[in-house]
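In case you want the letters, here they are:
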Amino acid sequence: MKSDITVIVPMYNVEKYVKKCFESLENQTYSNFEVLAINDGSPDNSSKYAKECAAKDNRIKVIDKENGGYGSALELAINSINSDYFLVCDPDDWLEEDCLEVLYTFAKNNDTDIVVGDRFDVYADDGSAHKCSVKPGYLESIEHAWC
């Protein structure tokens, strides 16, 4: 069955963070998605952990490539997508458990191609979080920029 959403996780030297990222993906309330984890020639254990996750969850696919940088990892992933929507989740980030469900439902109900959501910045030094909301008028400016 074709996935509705592809989540791209570009990886390079992120073994310190990647576990929380993959746990957040595995625990999504929306289930019809795939994960393309792109190992950009990382010398650490990021790819090993992603492959362990893939062995337990068939929605996760790991692609190993020579190091070429963030852009080349995204390009490879985008060229491999077989879904209507995609999202890039950097491996030092995580998604709230209903994130994919909320974004997908909004996109389908509003017949839109792009969905922009809020985010939290979490600071490593003290663990504090700051909510960064989409500013009023931002989506209209994107719409006009693409016209």
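Here goes a summary of the coordinates provided. (Residues numbered from 1 in each chain as written. Predicted model: local features only at pLDDT ≥ 70, side-chain atom pairs only at ≥ 80, totals over all residues. Heavy atoms only, no water.)

## Focus: the sheet that holds strand β1 (residues 5-11)
Part 1: Reading across the sheet, the four strands line up as β3-β2-β1-β4 and stay open at both edges, with parallel pairing between neighbours. What marks the edges here is a single partner per strand, and that holds for β3 (60-65) and β4 (85-88). For this sheet the average axis-to-axis angle between neighbouring strands, irrespective of direction, equals 20°.
Part 2: In terms of strand pairing, β1 meets β4 through four bridges, oriented parallel. What sits directly across from Thr 6, in β4, is Phe 86.
Part 3: Together, β1, β2 (33-40), β3 and β4 form the strand contacts of helix α3 (residues 70-78), whose direction differs from that of β2 by roughly 145°.
Part 4: Set on the sheet, helix α4 (residues 99-109) makes contact with β1, β2 and β4; between it and β4 the angle comes to about 140°. (Pairing = 2+ DSSP bridges. Helix = DSSP H or I, 4+ residues; strand = E, 2+ residues; numbered from the N terminus. Axes fitted to C-alpha atoms, helices over the stretch in contact; angles between N-to-C directions. Contact = heavy atoms within 4.5 Å.)

## Description of a nonpolar patch on the surface
Part 1: Together, Tyr 70, Ile 78, Phe 86 and Val 88 make up a nonpolar patch on the protein surface, roughly 360 Å² of accessible area in all.
Part 2: Among the elements of the structure, α3 and β4 are those that each provide at least two residues to the nonpolar patch.
Part 3: In this structure, Val 88 sits in strand β4. (Patch = residues over 30% accessible without salt bridge, like charges linked within 9 Å, V, L, I, M, F, W, Y side chains within 5 Å. Areas by Shrake-Rupley, 256 points an atom, 1.4 Å probe, with all protein chains shown as cover. Salt bridge = Lys/Arg side-chain N within 4 Å of Asp/Glu carboxyl O.)

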